[in-house]
Amino acid sequence: MLETGTNPITIKKKKQFITPKTVPYIFVGPALLLFIAFTVYPIIASFLLSFQTKVAGVYTFSGFANYTRLFSDPLFYKALGNTFIILLVQVPIMLFLAVILASVLNSGLLRMKGFYRVAFFTPAITSLVAASIIFVLLLNTDYGLINYLLTSIGLEKVRWLTDPFWAKVSLILVTTWRWTGYNMVILLAGLQNIPHSLYEAASIDGASTIKKFFYITIPQLKPVLLFTFVMSTIGSFQLFDEPYNLTNGGPNNATITITYYLYNQGFSFFNFGYASAIAYVIVLFIAVLSWIQFKVVRND
Amino acid sequence: MRKKYAFILFFLFTMVLGACSNSSSTSTEDLTIPDNPEDVKGDITVWAWALEANYLEKDVLPAFNKKYPNVNVKVEHIGVDQVYQKVSAGLSAGGSGLPDVVQVENNRIHSFTEDFPDAFTNLSSLGFDKHESEFSKSKIDGLQDKDGNIIAAPRDLGPVGVIYRTDIFEEVGIDPASIETWDDYIEAGKKVVAHTGKAFLGTDSDGLLRIMLQQQGSYYFTEDDKLDLTSDAAKKAVDVLQKMKDAGLIIYTNNWDGQVAAMKNGEVATQPGAVWWSGTMIEQMPELSGKWGMFQLPAFEEGGGRASNDGGSALAIPSKSDNKVAAYVFAEFASTDVDSQIKALTNRGLFPALLAAYEEPIFSEEQEYFNNQTFFKDFADTVIDIPSVNHSSAELELRSIMTSQMEAFLLEDKPAAQILEDGKKQAEQQTGLASSN
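Since the model is a prediction, treat every value here as computed from it, not as a measurement.

About the cut-offs
Residues numbered from 1 in each chain as written. Chains lettered and ligands numbered in written order. Predicted model: local features only at pLDDT ≥ 70, side-chain atom pairs only at ≥ 80, totals over all residues. Heavy atoms only, no water. Helix = DSSP H or I, 4+ residues; strand = E, 2+ residues; numbered from the N terminus. Rg over C-alpha atoms; globule rule 2.2 N^0.38 Å. Buried < 20%, exposed > 50% of the residue type's maximum accessible area, 1.4 Å probe, protein only. Contact = heavy atoms within 4.5 Å. Lys, Arg positive; Asp, Glu negative; His and termini not counted. Charge placed at Lys NZ, Arg CZ, Asp CG, Glu CD. Domains from an automatic or database assignment. Buried area = accessible area lost by both parts, 1.4 Å probe. Salt bridge = Lys/Arg side-chain N within 4 Å of Asp/Glu carboxyl O. Polar contact = N/O pair within 3.5 Å; in protein donor to acceptor, adjacent residues only side chain to side chain. Pairing = 2+ DSSP bridges. Axes fitted to C-alpha atoms, helices over the stretch in contact; angles between N-to-C directions. Right-handed = clockwise from strand over helix to strand, strands pointing away. Core = buried A, V, L, I, M, F, W, Y, C linked by side-chain atoms within 4.5 Å.

Quick look at the overall build of chain A
At step 1: A count of helical and extended segments in chain A gives 13 helices and two strands.
At step 2: Its C-alpha atoms give chain A a radius of gyration of 27 Å, more than 25% over the compact-globule value 19 Å for 300 residues.
At step 3: With respect to the three principal axes, the spread of C-alpha positions in chain A is 105 × 70 × 40 Å.
At step 4: Expressed as a percentage of its 300 residues, the buried residues of chain A come to 39%.
At step 5: Taking the intrachain contacts of chain A between residues at least 6 apart in sequence as the baseline, contacts between residues at least 24 apart amount to 63%.
At step 6: Considering chain A, the positive charge centre built from 20 side chains and the negative charge centre built from 10 side chains are found 11 Å apart.

Written out as structure tokens, the structure reads:
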């Protein structure tokens, strides 16, 4: 009698599909399905694709052929070199500017802070195609405003977009224009988390503003600086819109970046296998660089 | 345990996704073109871009529907890059989502047929063979598969000549008729540059090199799809380019806009280029009306070939079209109807490949913009001499490589002879193709 009495209850419990335990999974289910379909699946599919080459229109397994090709591809090295030049020159300049701007905006001296914050952040949310059209006009060798100003003060015209060296400079300028404000806002948030008492204590000990900046602001900002540094490194490896719209990667591939090269192989030449191999090498580079950056900061 | 289930579920999921793209169907349809145009029925979709899309929609369609009232055509204007990406994606997915008729450039068609041998309908089997002799041979040759079947209906082509400033030539005292070889052209260029202090010609990519190669019946590829970058023809071409550079005749114009600006602002006195430049010139440089003319491309040696081609497209029917009969009659009409070809030329500046069109009065008319020259006839006269060349599936890679090499030559002073060697090495590495020599 006791057994039959308990049975209906357990059966009823088993039939229950929505329980406190399953509810979280049901809620994340739709998002998870989309994530699998549009993120996880492509990640795995492109990994498999990176070991395949196209033979008469059909992708067939070819071992490490794409990877060995990559290591003997001069254009790949050129694109990688360009990416590193931008990384090593542009990222420090941009983060230096961002720290300075954030400190100025965080100090009590400036009026109209809200206006400046918006003004510096605006480039990050501007359509890059529209901005590039303006930059192409500004940087035009013969009719651009910048060269007009240069010649009017007696300097020579600069071939901003058609000279291999200056095209890189232009690319760095535009990238800096676009991303400085973005990093500034992140750093500003970091600055506002630094306890005011630290500065007060330093003031009592007679520290100058410069000393306060180097001995309080910078060390306290370290985790935020690391974050912006890692994000900017990843950003440099993914730099595509700027060279695509400004210079088309030219002249003579002077501004081709690694992601642009990936795009060309995939979507211009339809070598999706090779493009996937490039993508995985980029992933490897980003992972290694981020790991090094974390190590360096932690060991300090 | 739960992890294992999740993994299996995920694995099944990816398999299902993968399987979606592998469905294929083979259908044997009845493909006879009815004798009575009114018996052709149904809806078809057409993908084309820019001028050709306007041509198909506004010039062809009204006339086509008069003859074939029961075919409902929808022309979709899609950008050129999007067309190629969508066609490539569609063919990869076994032909789904493709239109019934699609515009394809001559130099791109083999990049599709190489990857997807059954990409497009064999038009010869539908009866297009009977039109073969109605078109310029070089055009038809470029649209045939390995077995000689026509796989796309020819539309326009781009015969090349030298477009030049008549007023400057007159001032300097040069008779364009006396320019028969590239050496003559360079001598004339030196005189013009000494007089104007500006350049003689500009280039923005590998276009000029390709023109010079095809002019000699040579190209980046041999007939059997091998690389042919260090051929004698290529060496002759870069010799001429080096001479032009040494004499300070040639400037690098960076891109299309730069090229147009150089012509509009008088930075250059000549432009070796295709007939379709006329459309851009008339539209963007109206103030230079009457100051332009055309002479034939200079030969590499006296009596050598003076005809070449740059550009041109065709209309193909994807194999998975479910109304091939209607698609065929539309492509055939757009390709072979003489009145439509004339409209394409006068309304859109698209130069027809249909030889019969050249007999129409418009071709012998004197063009006011071109100093009252019979501009179109002079280009049409070169069409039968255009050599056929092989645009292989690696065309785009080669163009990209050689454009970079041309930039290195013009901007970084790399010797012209070197660009062929370097280009060859890079092309072998990039495309995996062998070189013929």
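A short note on the domain arrangement of chain B
Residues and elements named next belong to chain B.
At step 1: Structurally, chain B comprises domain 1 (34–157 + 312–359) and domain 2 (160–308 + 384–431).
At step 2: Spacing between the C-alpha centres of domain 1 and domain 2 amounts to 30 Å.
At step 3: Opposite the 13 residues of domain 1 that make contact, domain 2 presents twelve residues.
At step 4: Interface area for domain 1 against domain 2, summed over the two sides, is near 1100 Å², with a carbon-plus-sulfur share of 58%.
At step 5: Across the pair Lys-146 and Asp-225 runs a salt bridge whose closest N-O atoms are separated by 3.7 Å.
At step 6: Viewed at the interface, domain 2 and domain 1 are joined by one residue pair in polar contact (both at pLDDT 80 or more).
At step 7: Among the secondary structure elements, those contributing two or more residues to the side of domain 1 that touches domain 2 are α4 (106–115) and α5 (137–142).
At step 8: Counting residues per element, the side of domain 1 that touches domain 2 draws most heavily on α4, at six residues.

Regarding the interface of chain B and chain A
At step 1: Contacts between the two partners involve 27 residues from chain B, matched on the other side by 31 residues from chain A.
At step 2: Roughly 2400 Å² is buried in total at the junction of chain B and chain A, and carbon and sulfur atoms are behind 54% of that figure.
At step 3: Counting across the interface, chain B meets chain A through zero salt bridges.
At step 4: Here chain B is connected to chain A by nine residue pairs in polar contact (both at pLDDT 80 or more).
At step 5: Of all elements in the fold, only α1 (2–20), α3 (80–92), α4, α16 (395–411) and α17 (416–431) of chain B reach the threshold of two or more residues within the side of chain B that touches chain A.

Thoughts on the sheet that holds strand β8 (residues 270–274) of chain B
Residues and elements named next belong to chain B.
At step 1: Reading across the sheet, the three strands line up as β8-β5-β9 and stay open at both edges, with antiparallel pairing between neighbours. Edge positions in the sheet fall to β8 and β9 (292–296), since each of these pairs with one other strand and no more. The mean inter-strand angle of the sheet, taken between neighbouring strand axes irrespective of direction, is 35 degrees.

Let's talk about the pairing of strand β1 (residues 42–48) of chain B
Residues and elements named next belong to chain B.
At step 1: When β1 meets strand β2 (residues 71–77), the two strands line up parallel, connected through seven bridges. In the sheet register, Ile-44 faces β2, and the bridge partner there is Val-73.
At step 2: In this region the chain leaves β1, passes through helix α2 (residues 50–67) and returns to the parallel neighbour β2; the handedness of that crossover is right-handed.
At step 3: Taken together, the two bridges between β1 and strand β3 (residues 101–105) define a ladder with parallel strand orientation. From the neighbouring strand, Trp-47 faces β3, where its bridge partner is Val-102.

Some remarks on unusual backbone geometry
At step 1: Even without being a glycine, Asn253(A) presents a positive backbone phi close to 60 degrees.
At step 2: Along the polypeptide, Asn253(A) turns up in the loop between α11 (241–246) and α12 (258–268).
At step 3: The class of Asn253(A) is buried, set by a relative accessible area of 11%.
At step 4: With a phi angle near 55 degrees, Asn371(B) is a residue other than glycine that sits in the positive phi range.

Side note on the pattern of salt bridges
Between side chains of opposite charge, a pair can form when the charged atoms approach closely.
Residue and element names in this part refer to chain B.
At step 1: Enumeration according to the criterion identifies 19 salt bridges over all chains in this entry.
At step 2: Among the salt bridges present, the one from Arg-165 reaches Asp-167, with a minimum N-O distance of 3.0 Å.
At step 3: Given the relative accessible area of 9%, Arg-165 is considered buried.
At step 4: Its relative accessible area of 22% is what places Asp-167 among the partly exposed residues.
At step 5: Measuring nitrogen to oxygen at the nearest pair gives 3.0 Å for the salt bridge that ties Glu-287 to Lys-264.

Some words on the nonpolar core
All names here are of chain B.
At step 1: Counting 65 residues, the largest nonpolar core has Leu-56, Phe-64, Phe-330, Phe-351 and Phe-363 as its most contacted members.
At step 2: Tallying contributions element by element places helix α12 (residues 324–336) first for this core, with nine residues.
At step 3: Each of domain 1 (34–157 + 312–359) and domain 2 (160–308 + 384–431) accounts for three or more of the residues forming this core.
At step 4: Ignoring any residue separated from it by four or fewer positions in sequence, one finds Leu-56 in contact with Val-46, Ala-48, Leu-61, Val-75, Leu-315, Phe-330 and Ala-334.
At step 5: In terms of nonpolar packing, the next biggest core, distinct from the first, is built from 52 residues, Ile-211, Met-212, Ala-269 and Leu-420 among them.

Some points on the sheet that holds β3(B)
Residue and element names in this part refer to chain B.
At step 1: Strand order in the open sheet made by the five strands is β2-β1-β3-β10-β4, with mixed pairing throughout. Lying at the two open borders of the sheet, with one neighbouring strand each, are β2 and β4 (153–154).
At step 2: Running over the sheet, α4 touches β3 and β10 (313–316) and is turned about 110 degrees from β3.
At step 3: Against the sheet, α12 touches β1, β2, β3, β4 and β10, its axis set at about 50 degrees to β1.

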